[in-house]
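Fold and geometry: a report
Here is what each chain is made of, one letter per residue.
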Protein chains: 2
Amino acid sequence: MNKAVRWLYHSRILRWFVFGTFSIVFGLASAVAIVLAHDSLTYKHRDLQKISPSELALHPEPGGPKNLPVVSDYVEGDEDNFTRECKGKERLVIVGGGWAAVSLLSKLEPGRYNVTLVSPNNFYLFTPLLPSATVGTVEPRSLIEPIRKVLSRHRGHYVQGKAIDVELGSSIDPSEGGTQRLLEVQLVSGEEKSGMPGRGHPEAQPAAGSSAPPRDEVKDRRVYIPYDKLVVAVGSVTSTHGVPGLEHAFHLKDIEDARGIRSRILDNLEIASLPTTTPEEREKLLSFVISGGGPTGVETASEIYDMLNEDVLDYYPKLLRQQAKVWLIQSRSHILNTYSEKISKYAEEKFARDEVHIVTNARVKEVKQDSVSYTVKDEDGKVTEHEVPSGMTLWSTGIAMSPFTRSMTQMLPNQSHLKALLVDSHLRVQGTPKGTVYALGDASTLDTRLIDSLYDFVDECDTDHDGRISYNEFQKLASSVRKRFPLASKHFEKLRDLFETYDKDHDEHLSTNEIADMFLETQRKMTALPATAQVASQEGAYLAKKLNKLAKLKEKGQLLPSPSKAEDPVPKVDLDEMHYTPFSYRNLGSLAYIGNAAAFDLPLPEPIGSFAGGLVAMYMWRSFYLSEQVSTRTRMLLLSDYIRRGIWGRDISRI
Amino acid sequence: MNKAVRWLYHSRILRWFVFGTFSIVFGLASAVAIVLAHDSLTYKHRDLQKISPSELALHPEPGGPKNLPVVSDYVEGDEDNFTRECKGKERLVIVGGGWAAVSLLSKLEPGRYNVTLVSPNNFYLFTPLLPSATVGTVEPRSLIEPIRKVLSRHRGHYVQGKAIDVELGSSIDPSEGGTQRLLEVQLVSGEEKSGMPGRGHPEAQPAAGSSAPPRDEVKDRRVYIPYDKLVVAVGSVTSTHGVPGLEHAFHLKDIEDARGIRSRILDNLEIASLPTTTPEEREKLLSFVISGGGPTGVETASEIYDMLNEDVLDYYPKLLRQQAKVWLIQSRSHILNTYSEKISKYAEEKFARDEVHIVTNARVKEVKQDSVSYTVKDEDGKVTEHEVPSGMTLWSTGIAMSPFTRSMTQMLPNQSHLKALLVDSHLRVQGTPKGTVYALGDASTLDTRLIDSLYDFVDECDTDHDGRISYNEFQKLASSVRKRFPLASKHFEKLRDLFETYDKDHDEHLSTNEIADMFLETQRKMTALPATAQVASQEGAYLAKKLNKLAKLKEKGQLLPSPSKAEDPVPKVDLDEMHYTPFSYRNLGSLAYIGNAAAFDLPLPEPIGSFAGGLVAMYMWRSFYLSEQVSTRTRMLLLSDYIRRGIWGRDISRI
């Protein structure tokens, strides 16, 4: 014994053990001391200087076609020198506070614009992790960042409201003649915002907690917000596909949706545990039906399954876990159909093992209060009808236009798309004065109507004016197409082959008809960018960099080419095209969480390109999203949510 | 230069610096590694054994006077051996899931009783920090712990419902003859519970998120839950004092209240920042009126002030901070009037410095949608009327009976108190069969009606049966009083003095009339225990220990005294009195948070006893509440909330 102690004492093991323990304790103690020291400095009594907002900020004057108050100044407009300086800059008005808007704001250089953001929510939501919030793997508050914090480096103005109309005026300043560019905004109170049309459930109750007394509403308050540059980034709503009964289904677009689903699931578990609940009712309460086999549907199904298997099994009657079922109804033949086949298959096999029921080739016919009916087409084309009981139905099948986007497409010429605003390669909304209105993210889609510009292209490239396009001219045309229709780029790469394919009469020239055929064929093959956070984010960053450059040039007086003669008016030029490249999307791959496993579809050669796996992949998936956070705050919150789940499981309190 | 480097290299400073840095990094890395390693073990596929609940659990048989289903078994009743074993034990039914209930559960030994807990909320709420949750200093989720987790060591049953009636039967088993003891419970779904009567706002909307589709309700489902021992721990509701217009005010009793207040404040800040809001509207929106100068009112006022001063100043227009006002309306002449005078004064001075407006000697006359009117009585007794605009009114003035407590007091004899159920010194509800119904916490109050037991006392102590009480007999009587009326204890200490005071005719004996005078006088001076978490917690712990002892004695067969002769029936004895001491409360002092400062009122001699101070006291206050948490989980959550506030401030997202 004594010898063993002596040996231990002299050996390195003990020394290292002591050293290790000491290090851990010292390390943690230091961290605590630093945090505490910092914390103690955050409580201070601050004296206020007296603020005197301008008269115009306190009482905006009415104007514009509808004679509404025109917001030309804000009460915070004279707070400090920086704000005062921004006041003189171009007015950049951003509608929406999602991925595109926040990406734009984070890349935009402070002080270049007088920024205003209009959104009914005063926070930015990290949407990709919304499925995790439906069962409490992460807390809803860990996914959001106040818009005011994002705006603060720009000393931007936030207006809680929703855009409803635009006046595409000719200038910002009515005194210069012409009409003013105005965004019409309906101001909302937080308790009204949930009643917005297009939220999916217009008949829904106010969002306020149950015990909140009713409040005065900010009803029918509309204002005009003048803009030099308007950015439409309002996102999308869930597509209904005309299916009846969707008022009985949840959507998953907003933080309230995630909270609602969590409440409903926990409540169902409680009701299923009540003494008088019959086996049939229990089956219904514990049947969770998800319509849509895309990433949102798959991830929500996974999260619900995880919760059933981890927390429900630990704390609820075990009978519940036994009776609980998760259904995933997909219209295509595979789930995750936008991913590689390998990943679809991995996910399907994983779900089969986990007893998540996948129904493919199925169309939901109707959603009822406590069931979902759908039809399935089998391999022989035979259609059969089915019905599953449902205690919670999630509807996550594609996107549709938000009310503001819809009203804009109706108002503008050259807009014919059904899902979003058509934008050109510079992200400018088609049909609006160039350089004034941009659209980003789900609210926008790149124009693919090559054929509409046929004559422009031919006129531009037919240098010998013979009405036909030679191969040399075609090379110029192709480069022009690639520039104006980035989505067509990959179809205009092997030019010689392309030229010969369409040169039907082999005269070494393409006639206008031959080019029209080529354009129509290409147009058919072009696929729009997916409605993902990644696209929105890249578009926001692109626009921010362009706006930075334009503002810098303007400050230096180099924005416009100097007129050749003193008398000449300034030439009409396309500033975006002159000073910046068109938007081009770089696919960085996609990820999906599949129940304690994750899948990656990366733009890399196989077999590295697409892979799926268990725990390690799941940790990679989490790390990626942690790194993507817009603030260190949410990063820490998410991390602590993950740690907490590991130690204590999910919180099953129904609040 | 070279020399300096060499010196540094050889000196201890560098070595310690390297060592220190290494320690911190190594310490943190080890912590991360341990957490990660543990986390990776928590994702496992678990196979289910088949569960077959008893027929009685699946289909409870109807019974009792109202022929409702009698819950004699639960679906989880046969899950494992421990649960099966508990099934044979006495049924302990606890109504309510607050401080008293959780304190009882945490001190109760597992396996001694078949425990069922009935509450509309499936979580326990740490009420003392509710004011901090109204502005997001801590998150609501950090204050709650799922009841199912607390119950899990007892393999207890949780029923989401609210008690509405009791059948005080003579036995648990109807087959033994007599009537069964039954608790009538109304089952609720989570979305219904907020509509409960007595929640203060019967007309309130359902608690569900705005986007939640409506659900089937668990309407009119009532069951009987049989009990051997019933514990009423339903807490209280806020007293209305008959003031009209309280539907316009918030209460602060539940987590939904805190969330509602937070939403309202953040929403008011947003509306106040909108361009068309007039200065008058802004003044109203930014006026926060709190009625009630007790700890809840004072702490909420402090938290709102903190937020205005820290977060609002950083992220909202500075004009808002300038116009914002906090009002505290108190009916007494000082705020925190249950604390020492020193603390009241400290708080009042602190608030005066912080521009929190205190109105004392004031009675609220009416609460309106956007104002509060009150009357003030000045020193000369002159009453003046005032009105303040209000964007958020909090009503926190004393407690009243919850509907269940009220219906019990109406049903029972010997119940005359207006605020709670009267209990004897063993916490048994007066008027119920001894040893079957207990009441704890805010729902109960110790009986002070000495006079009602006058003849009992005299009969018991008048050993020489002369109809008078000698000093010797009086000593016995005093000890008897102290035992049965613990609140009277301190009045029965100086016995000689007391005896002589009331022995008006100096005959060295007290007549029944003289004792009646003494009792009435004492009764008038006795003060009820305060309705605090501390009292509830001590009562719960007391009852748990008693129940443990009774169960152990029963298991050993030593509960009842053995009858002297074989034919004699078992004598009717008071088991509580026979085996356990009466409840006695130990005041451990009280705490209050006063805006980056805290006050302590401890049962220690002055000047240590009551003190108030700045940051250090605030950290002490926080440490105390951290230590008081019911789980490590909420402790960590709270700690991380505090750290987060220090680093990033409060979250101002209105969700």
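Residues numbered from 1 in each chain as written. Chains lettered and ligands numbered in written order. Predicted model: local features only at pLDDT ≥ 70, side-chain atom pairs only at ≥ 80, totals over all residues. Heavy atoms only, no water.

1. Considering the overall build of chain A
A tally of helices and strands in chain A yields 22 helices and 27 strands. Projected onto its principal axes, the C-alpha positions of chain A cover 100 × 75 × 65 Å. Out of the 655 residues belonging to chain A, those deemed buried represent 56%. Put simply, 66% of the contacts in chain A that link residues at least 6 apart link residues at least 24 apart. (Helix = DSSP H or I, 4+ residues; strand = E, 2+ residues; numbered from the N terminus. Buried < 20%, exposed > 50% of the residue type's maximum accessible area, 1.4 Å probe, protein only. Contact = heavy atoms within 4.5 Å.)

2. Details of the packing of aromatic side chains
When we look at a pair of aromatic rings, we describe it by the centre distance and by the angle of the planes. In the structure shown here, the tally under the stated rule is 34 aromatic pairs over all chains. Pairing Phe492 of chain B with Phe519 of chain B gives two aromatic rings, centres 6.4 Å apart and planes at 80°, and the pair type is edge-to-face. Separated by 27 residues along the polypeptide, Phe492 of chain B in the loop between helix 16 (471–484) and helix 17 (495–502) and Phe519 of chain B in helix 18 (residues 512–525) bring together distant segments of the chain. Taken together, Trp99, Tyr124, Phe126, Tyr593, Trp621, Phe624 and Tyr625 of chain A form an aromatic cluster joined through their ring pairs. The ring of Phe457 of chain A carries Arg484 of chain A above its face, with NZ or CZ at 4.7 Å from the centroid. Of note, Arg496 of chain B hangs over the ring of Tyr471 of chain B, and the distance from its end group to the ring centre comes to 4.2 Å. (Phe/Tyr/Trp six-rings, centres within 6.5 Å; stacked < 30°, edge-to-face > 60°. Lys NZ or Arg CZ within 6 Å of the ring centre and 35° of its normal.)

3. Overview of the interface of chain A and chain B
Interface size is often expressed as the accessible area that is lost when the parts come together. Each partner contributes to the interface: chain A provides 134 residues, whereas chain B provides 134 residues. Overall, the association of chain A and chain B removes approximately 12200 Å² of surface from exposure, summing both partners, and the carbon and sulfur fraction of that is 56%. If you look at where chain A meets chain B, you find 16 salt bridges. One salt bridge in this structure joins Glu139 of chain B and Arg141 of chain A, with 3.5 Å as the shortest N-O distance. Between chain A and chain B we count 34 residue pairs in polar contact (both at pLDDT 80 or more) in total. Residue composition of the side of chain A that touches chain B, grouped by class: 59 nonpolar, 33 polar and 42 charged. (Buried area = accessible area lost by both parts, 1.4 Å probe. Salt bridge = Lys/Arg side-chain N within 4 Å of Asp/Glu carboxyl O. Polar contact = N/O pair within 3.5 Å; in protein donor to acceptor, adjacent residues only side chain to side chain. Nonpolar A, V, L, I, M, F, W, Y, C, P; charged D, E, K, R; others polar.)

4. As for the relation of the copies chain A and chain B
Its rotation angle being 180°, the transformation that places chain A on chain B also includes 0.0 Å of axial translation and leaves an RMSD of 0.2 Å. The relationship between the two copies is best expressed as a two-fold rotation axis. (Least-squares fit on C-alpha atoms with pLDDT ≥ 70 in both.)

5. A few points about the domain arrangement of chain A
Segmentation of chain A into domains returns domain 1 (2–31), domain 2 (52–196 + 215–236 + 401–448 + 530–577), domain 3 (246–400 + 589–648) and domain 4 (450–527). Taking only C-alpha atoms, the centre of domain 3 of chain A and the centre of domain 4 of chain A are 46 Å apart. (Domains from an automatic or database assignment.)

6. Considering the sheet that holds strand 27 (residues 610–613) of chain A
Residue and element names in this part refer to chain A. If you walk across this open sheet you meet the three strands as 25-26-27, and the pairing is antiparallel. Each end of this open sheet is capped by a strand with a single partner; those strands are strand 25 (590–593) and strand 27. Strand after strand, the sheet turns through a mean of 10° between neighbouring axes, direction not considered. Across four bridges, strand 26 (residues 598–601) lies against strand 27 in antiparallel orientation. Along strand 27, the bridge assignment pairs Phe600 with Phe611. Strands in contact with helix 13 (residues 341–353) are strand 26 and strand 27; relative to strand 27, the strand with the most contacts, it is inclined by about 15°. (Pairing = 2+ DSSP bridges. Axes fitted to C-alpha atoms, helices over the stretch in contact; angles between N-to-C directions.)

7. Brief notes about the pattern of salt bridges
In total, this model carries 84 salt bridges over all chains according to the counting rule given. Notably, a salt bridge pairs Glu270 of chain A with Arg148 of chain B, separated by 2.8 Å at the nearest N-O pair. Of the two residues, Glu270 of chain A is situated in helix 9 (residues 255–273) and Arg148 of chain B in helix 7 (residues 147–151); the pairing between them involves two chains. Residue classification places Glu270 of chain A among the buried positions, given a relative accessible area of 1%. The exposure class assigned to Arg148 of chain B is buried, which follows from its relative accessible area of 7%. Residues Arg644 of chain B and Asp641 of chain B are paired through a salt bridge, measuring 3.1 Å at the closest nitrogen-oxygen approach. Here Arg644 of chain B pairs with Asp641 of chain B, and both are found in helix 22 (residues 632–648), just three residues apart, close to one helical turn. Summarising the burial analysis for this pair, Arg644 of chain B and Asp641 of chain B share the class buried. Each of the salt bridges in this network shares a partner with another, and the network as a whole consists of Glu139, Arg262, Asp641, Arg644 and Asp651 of chain A together with Arg141, Glu145 and Arg633 of chain B.

8. Here we look at the side chain of Ser142 of chain B
Residue and element names in this part refer to chain B. Positionally, Ser142 belongs in the loop between helix 6 (130–133) and strand 6 (144–146). For Ser142, a relative accessible area of 3% corresponds to the buried category. Separated by 2.5 Å, the side chains of Ser142 and Asp641 make a polar contact. Among all residues touching Ser142, those that are not within four sequence positions of it are Gln629, Thr634, Leu637, Leu638 and Asp641.

9. Some thoughts on the UniProt feature "domain: EF-hand" (unreviewed entry) in chain A
Mapped onto the present numbering, the UniProt feature "domain: EF-hand" (unreviewed entry) falls at residues 449–484 and 490–525 of chain A. Within residues 490–525 of chain A, the helical portion is 61% and the strand portion 6%, while the C-alpha atoms at the span's ends are 10 Å from each other. (UniProt positions renumbered as here; feature names shortened; annotations may be inferred.)

10. Comments concerning helix 21 (residues 615–627) of chain B
The terminal C-alpha atoms of helix 21 of chain B, which comprises 13 residues, lie 18 Å apart, in line with the 18 Å expected from a rise of 1.5 Å per residue. Listing the buried residues of helix 21 of chain B in full gives Ala617, Met618, Tyr619, Trp621, Arg622, Tyr625 and Leu626 of chain B. (Expected span 1.5 Å × (residues − 1).)

11. Some remarks on a negative patch on the surface
Residue and element names in this part refer to chain A. A cluster of acidic side chains, namely Asp456, Asp459, Glu460 and Glu577, defines a negative patch on the protein surface. Within the secondary structure layout, Asp456 lies in helix 15 (residues 454–461). On the accessibility criterion, Asp456 (43% relative accessible area) is partly exposed. (Patch = residues over 30% accessible without salt bridge, like charges linked within 9 Å, V, L, I, M, F, W, Y side chains within 5 Å. Areas by Shrake-Rupley, 256 points an atom, 1.4 Å probe, with all protein chains shown as cover. Lys, Arg positive; Asp, Glu negative; His and termini not counted. Charge placed at Lys NZ, Arg CZ, Asp CG, Glu CD.)

12. Remarks on the sheet that holds strand 12 (residues 287–291) of chain B
All names here are of chain B. Taken together, four strands build an open sheet; the order of strands is 14-13-12-18 and the sheet is parallel. This sheet does not close on itself; its edge strands, each paired only once, are strand 14 (356–359) and strand 18 (392–395). The average undirected angle you get between the axes of adjacent strands in this sheet is 15°. Bridge analysis of strand 13 (residues 325–329) against strand 14 gives four bridges, and the strand direction is parallel. By the bridge assignment for strand 14, Val326 is matched with Val356. Where helix 9 (residues 255–273) meets the sheet, its contacts fall on strand 12 and strand 18, and the angle it forms with strand 18 comes to roughly 155°.

13. So, the packing of helix 5 (residues 99–107) of chain B against helix 19 (residues 533–556) of chain B
Residue and element names in this part refer to chain B. Viewed as axis vectors pointing N to C, helix 5 and helix 19 meet at an angle of 35°, and their least axial separation amounts to 7 Å. In terms of crossing hand, the pair formed by helix 5 and helix 19 is right-handed. On helix 19, the residues that touch Trp99, Ala100, Ser103, Leu104 and Lys107 of helix 5 are Ala533, Ala536, Ser537, Gly540, Ala541, Leu543, Ala544, Lys545 and Asn548. Of the residues assigned to the contact of helix 5 with helix 19, the class counts are eight nonpolar, four polar and two charged. (Left-handed = near helix turned anticlockwise from the far one by under 90°.)

14. Focus: helix 14 (residues 403–411) of chain B
Along helix 14 of chain B, the residues classified as buried are Phe404, Thr405, Met408 and Thr409 of chain B. Projected down its long axis, helix 14 of chain B shows its buried positions confined to an angular sector of 135°, all on one face. (Arc of directions from axis to C-beta.)

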